[in-house]
Amino acid sequence: TDDDTFSNVFCETSGKLINVHLFALAAQYYSFSNLGVCTPLEDVLEALRGDNQGTTGIKTDEFMNNKKSHEVQVMSELVDKIANYCGIKQVIDIGSGKGYLSSFLSMQYKLKVYGIDSSNTNTNGAHERNRKLKKHWKAYQRRGRANLKCQMLEKSNDGPVESEIRCKAVIEKPLNNDSSLQSQDQVTIQDLVPSCCFTEVATSETSKQTEVDLVARTQSDESKLSEEVLAILNVLPADAVEVSSSSQCNCGELCEEEKAQRKMASLKAKASKSSESNLYFPLTSCITAETELSDIITDLEDCMIVGLHTCGDLAANTLRIFTAKPEIKAVCSVGCCYHLLSEQFENQEDCPEEVWGFPMCQYLKDKGWCCGRNARMSACLALERVAVGQMLPTESLFYRAVLQVIIEEMYGVSKSDRHVGKTFSKSSSFIDYVRKSLKKLELDDSKIPDSCIMDYYEKYKHRMNELEAFNMLKVVLAPCIEVLILLDRLCYLKEQDNIAWSGLVKLFDPVKSPRCYAVIALKKQSCF
C-alpha cells in the first residue's frame, strides 16, 4: 500500500474527517485481521503436542454464563497443554477474581493453582465456591459419563458392535487428560519455537496408531464431559449440604499390631486425600511489577503464570513478573480494561522511576508514544458485537453527554473523581437520571429545577444521531488501538533475551468475549 493511500481521510487544513469510507478502510487495514501478526490457536495447540479438539461448542444450561463457559473451556485447555509441554504442575492465576479458571484447572486438569486477587471479597467467594464444587465434582462426572455413553450409543453411525466397544472404552477406561499423550506422537515446536531451544522427541511406532486414535477419541469425549461439568460452577447453592462422614468400623476385636497398621494406613489415606483435594489455593494480595511471588507462595516452584482478563496495568505487570522471575517458565495473559492503563507520556510528568502500563517496549518509549484516555476508552469497544447487530447504547450515551454539559455550565465542574456508574439502568427518565447522578457526584440537585433539566434535553435531542455516528466511528477505530496496545506488549517480550517464543493468539469468539487476544510466551530451554 502506498503511503498516500489514506492521506485524504482528513482535511489538511481543518483536520476534519472528510472521507468516511476511506476512514473505515484504513481502520480495517491496520487491524489484527489484516496485519497477520497473530499465531492461529490451532498451530499453537499442534506445536504443544495437541490439537483443537474439545475447544468448540460449549454446552451451557440456565445456570452458567455462556461467555464465561467459553473463556474457561478454551483457555484451560491451552494452559494445560503449555504446562505439560514445559513439564510443570504449578499455575499462578493473577487477578483470579471468583476463581472460575483456577477451579477448573485444578479440578479438571489436576494442576496446582494459586489464584491471587487483590479483593478479599473475591478470594473468600472463590474459596467457598471451590469448597462446594469439590463436594459435587465426582457426582457430576459420573452423571456426565453416563450421559455421554447414552449419546454415543444413540448418535454413532458405526456398526452396533463397534459402537458398544467404543462406549465401553470411554466409560471403563477414562484417561487422564494431562498425561495420556505423553507416550504417544509428539510434535516439535518447529516454526513457532526455534529448534535449538527445545528437544525433539521421536515419533511412536506405526503399530501404536490404533491406540493413538482411541486416545484422541477418548480425549475428545472427556472434553465434552468437562463442558457439562463447567455448568456447575454457578449453580451450587450457598447452603449446600455437607458430605456426611464415613462410617466407623468396629475395631474392638483387633490386636494392637493390626490397629497400628490400620491407623498408619488411615493417616496415609487422609494425607493423600488432603493433597489431592487442595489443588486450588485462593490468596489475597495486590500484585505489582515488584511483587515477590515467593513472599506470597511459600512452596513456589517451576510454574507458569496466567491471567484471564487482567485489568489495566495488571496485564502489563504480569508480563514483567514473567520475564523477571526464573521460576516462571511460561505466560498466557488476556488483558482488558485498556482505559485503566497508566501512560508514561500522557501527562508529560517526569517520573523516570515509575512503572507504567503503556508503553512497555523500548521502541515506543523512545518515540514518547501516547494514546490518551479517549483512545484507550475506544479500544474497549466491541466492533464484532456491533457488526452482528448488538448496537451501542445510544440513549445512555446521550444522557451522559448532556449531563456533562449540565454539570459544567450549572456547577462549574469539569473534572471529578467520582463516577456516575450504571445510573441509567436504574432511572425512569432523564430527570430521574440527572438527579441520581448529581447525588452520586455530591452536587446539590436542588439547585436546578426539572424544567431546566428538560430544557437541556430538548436543546440537544436533535444531535442524538450525530452522537451515534460519532460513536460508530470510535467502534470502527477500536481494533487499531487495541492492536497498538497488544503489539507493544509483544514487542516488550521480543526485546527480552530469555524468551524462546512469544506471540499473540486469538483465543475466544470476539462476539462472546470481545477481549479475545492472549499474549503467550515460553522461556528458553536453558532457563528451565
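Residues numbered from 1 in each chain as written. Predicted model: local features only at pLDDT ≥ 70, side-chain atom pairs only at ≥ 80, totals over all residues. Heavy atoms only, no water.

Q: How should the overall build of the protein be read in this particular structure?
A: For the protein, the helix and strand inventory stands at 18 helices and seven strands. Across the 528 residues of the protein, 44% fall into the buried class. Only carbon and sulfur atoms are counted for the fraction: they give 50% of the accessible area of the protein, which is about 28000 Å². (Helix = DSSP H or I, 4+ residues; strand = E, 2+ residues; numbered from the N terminus. Buried < 20%, exposed > 50% of the residue type's maximum accessible area, 1.4 Å probe, protein only. Areas by Shrake-Rupley, 256 points an atom, 1.4 Å probe, with all protein chains shown as cover.)

Q: Any chance you could explain the nonpolar core here in plain terms?
A: Most often, soluble globular proteins keep nonpolar side chains buried together rather than apart. Met75, Leu78, Met304, Cys332, Leu507 and Ile520 are the most contacted members of the largest nonpolar core, which has 75 residues in total. Top element by residues in this core is helix H4 (residues 66-86). It accounts for nine residues. Leaving out residues up to four positions away in the same chain, leucine 78 has contacts with Leu41, Val44, Leu45, Leu48, Cys332, Leu507 and Ile520. Judged by nonpolar contacts, the second largest core, of 22 residues, contains Val402, Tyr411, Val420 and Cys452. (Core = buried A, V, L, I, M, F, W, Y, C linked by side-chain atoms within 4.5 Å. Contact = heavy atoms within 4.5 Å.)

Q: What is the right way to read the packing of aromatic side chains from this model?
A: Aromatic rings considered in pairs are described by the distance between their centres and by the relative angle of their planes. Counted by the stated rule, this structure contains 12 aromatic pairs. With a centroid separation of 5.7 Å and an interplanar angle of 80°, the aromatic rings of phenylalanine 398 and tyrosine 457 are classed as edge-to-face. Of the two residues, phenylalanine 398 is situated in helix H15 (residues 394-411) and tyrosine 457 in helix H17 (residues 450-460); the sequence distance between them amounts to 59 residues. Just as phenylalanine 398 is buried, tyrosine 457 falls in that class too. Between lysine 523 and the ring centre of phenylalanine 322, over which it is positioned, the NZ or CZ distance is 4.9 Å. (Phe/Tyr/Trp six-rings, centres within 6.5 Å; stacked < 30°, edge-to-face > 60°. Lys NZ or Arg CZ within 6 Å of the ring centre and 35° of its normal.)

Q: What exactly am I supposed to notice about the packing of H15 against H17 here?
A: At their nearest, the axes of H15 and H17 sit 10 Å apart, and the two run at 125° to each other. On the basis of their axis angle, the class for H15 and H17 is oblique. Seen from above, H15 lies across H17 with right-handed handedness. Each of Phe398, Tyr399, Val402, Val405, Ile406, Glu409 and Met410 in H15 lies in contact with H17, whose residues at this interface are Cys452, Tyr456, Tyr457 and Tyr460. Class assignment of the residues belonging to the contact of H15 with H17 gives a composition of 10 nonpolar, no polar and one charged. (Axes fitted to C-alpha atoms, helices over the stretch in contact; angles between N-to-C directions. Parallel < 35°, antiparallel > 145°, perpendicular 65-115°, else oblique. Left-handed = near helix turned anticlockwise from the far one by under 90°. Nonpolar A, V, L, I, M, F, W, Y, C, P; charged D, E, K, R; others polar.)

Q: Explain the sheet that holds strand E1 (residues 90-94) here, please?
A: Within a sheet, each strand pairs with its neighbour through backbone hydrogen bonds, oriented either parallel or antiparallel. Strand order in this open sheet of seven strands is E3-E2-E1-E4-E5-E7-E6, and the pairing throughout is mixed. Of all strands in the sheet, those bounded by a partner on one side alone are strand E3 (280-284) and strand E6 (499-506). Going across the sheet, the axis of each strand differs from the next one's by a mean of 15°, ignoring polarity. Strands in contact with H4 are E1, strand E4 (303-311), strand E5 (328-336) and strand E7 (517-523); relative to E4, the strand with the most contacts, it is inclined by about 160°. Against the sheet, helix H5 (residues 100-109) engages E1, strand E2 (112-117), E3 and E4, with an angle of about 170° to E2. (Pairing = 2+ DSSP bridges.)

Q: Sorry if this is basic, but what is going on with helix H11 (residues 313-324) here?
A: In an α-helix there are 3.6 residues to a turn, and that puts residues three or four apart on one side. Helix length check: H11, at 12 residues, gives a terminal C-alpha distance of 16 Å against a target of 16 Å (1.5 Å per residue), a fit within 8%. Across the 12 residues of H11, 10 count as buried, placing the element largely inside the fold. What H11 keeps buried is the set Leu314, Ala315, Ala316, Asn317, Thr318, Leu319, Arg320, Ile321, Phe322 and Thr323. (Expected span 1.5 Å × (residues − 1).)

Q: What is the right way to read the packing of H4 against H5 from this model?
A: In helix packing, the relevant descriptors are the interaxial angle and the interaxial distance, both defined with respect to the helix axes. Their axes nearest at 10 Å, the elements H4 and H5 cross at an angle of 50°. Comparing the axis directions of H4 and H5 gives the class oblique. At the point where H4 passes H5, the crossing takes the right-handed sense. Across from Lys68, Val72, Gln73, Met75, Ser76, Glu77, Val79 and Asp80 in H4, the residues of H5 making contact are Tyr100, Leu101, Phe104, Leu105 and Tyr109. For the contact of H4 with H5, the class distribution of residues is eight nonpolar, two polar and three charged.

Q: Which parts of the structure should I look at to understand the pattern of salt bridges?
A: Any two side chains of opposite charge can pair, given that their charged atoms come close. Per the counting criterion, the structure on display carries 15 salt bridges. Two residues, lysine 68 and glutamate 71, come together in a salt bridge whose shortest N-O distance is 3.3 Å. One end of the pair is lysine 68 and the other is glutamate 71, both in helix H4 and three residues apart, which spans about a single turn. We classify lysine 68 as partly exposed; its relative accessible area is 21%. In this structure glutamate 71 comes out as buried when scored by relative accessible area, which is 0%. (Salt bridge = Lys/Arg side-chain N within 4 Å of Asp/Glu carboxyl O.)

Q: I'm lost on the confidence of the model for the protein in this one. Help?
A: Detailed reading of the predicted coordinates is not advisable wherever pLDDT is low. A residue-level look at the protein finds 65% of positions with pLDDT of 70 or above and a mean pLDDT of 77. Long-range and interchain partners of residues 51-64, a stretch whose pLDDT sits below 50, account for 36 contacts in this model, where long-range means more than four residues apart. Every residue in residues 267-277 is under pLDDT 50, and counting partners more than four places away or in other chains gives one contact. (pLDDT = per-residue confidence, 0-100.)

Q: Sorry if this is basic, but what is going on with the pairing of E2 here?
A: Regular strands place their side chains on alternate faces of the sheet. Counted residue by residue, E2 has five buried out of six residues, so it is predominantly covered. Both E1 and E2 contribute to a ladder of five bridges, which runs parallel. Paired with valine 91 across the two strands is valine 113, which belongs to E2. Viewed along the sheet, the connection from E1 through H5 into E2 turns out right-handed. The pairing of E2 with E3 spans five bridges and is parallel. Counterpart to valine 113 in the pairing with E3 is tyrosine 280. (Right-handed = clockwise from strand over helix to strand, strands pointing away.)

Q: Even after reading the chapter, I still don't get the state of the cysteines, so can you show me in this structure?
A: In a disulfide, the sulfur atoms of two cysteines are covalently bonded to one another. This model, assessed by the stated rule, comprises zero disulfides. For cysteine 337, which is in no disulfide, the shortest distance to another cysteine sulfur is to cysteine 311 and amounts to 3.2 Å. (Disulfide = S-S within 2.5 Å.)

Q: How do you make sense of H17 when you look at a structure like this?
A: Every buried residue of H17 is listed here: Cys452, Ile453, Tyr456, Tyr457 and Tyr460. Here the buried residues of H17 occupy an arc of 145° about the axis, which is enough to place them on one side. (Arc of directions from axis to C-beta.)

Q: Looking at this structure, I do not really get the environment of valine 505. What am I missing?
A: Positionally, valine 505 belongs in strand E6. For valine 505, a relative accessible area of 0% translates into the label buried. Those residues in contact with valine 505, other than ones at most four positions away along the chain, are Thr39, Pro40, Leu41, Val44, Cys516, Tyr517, Ala518 and Ile520.

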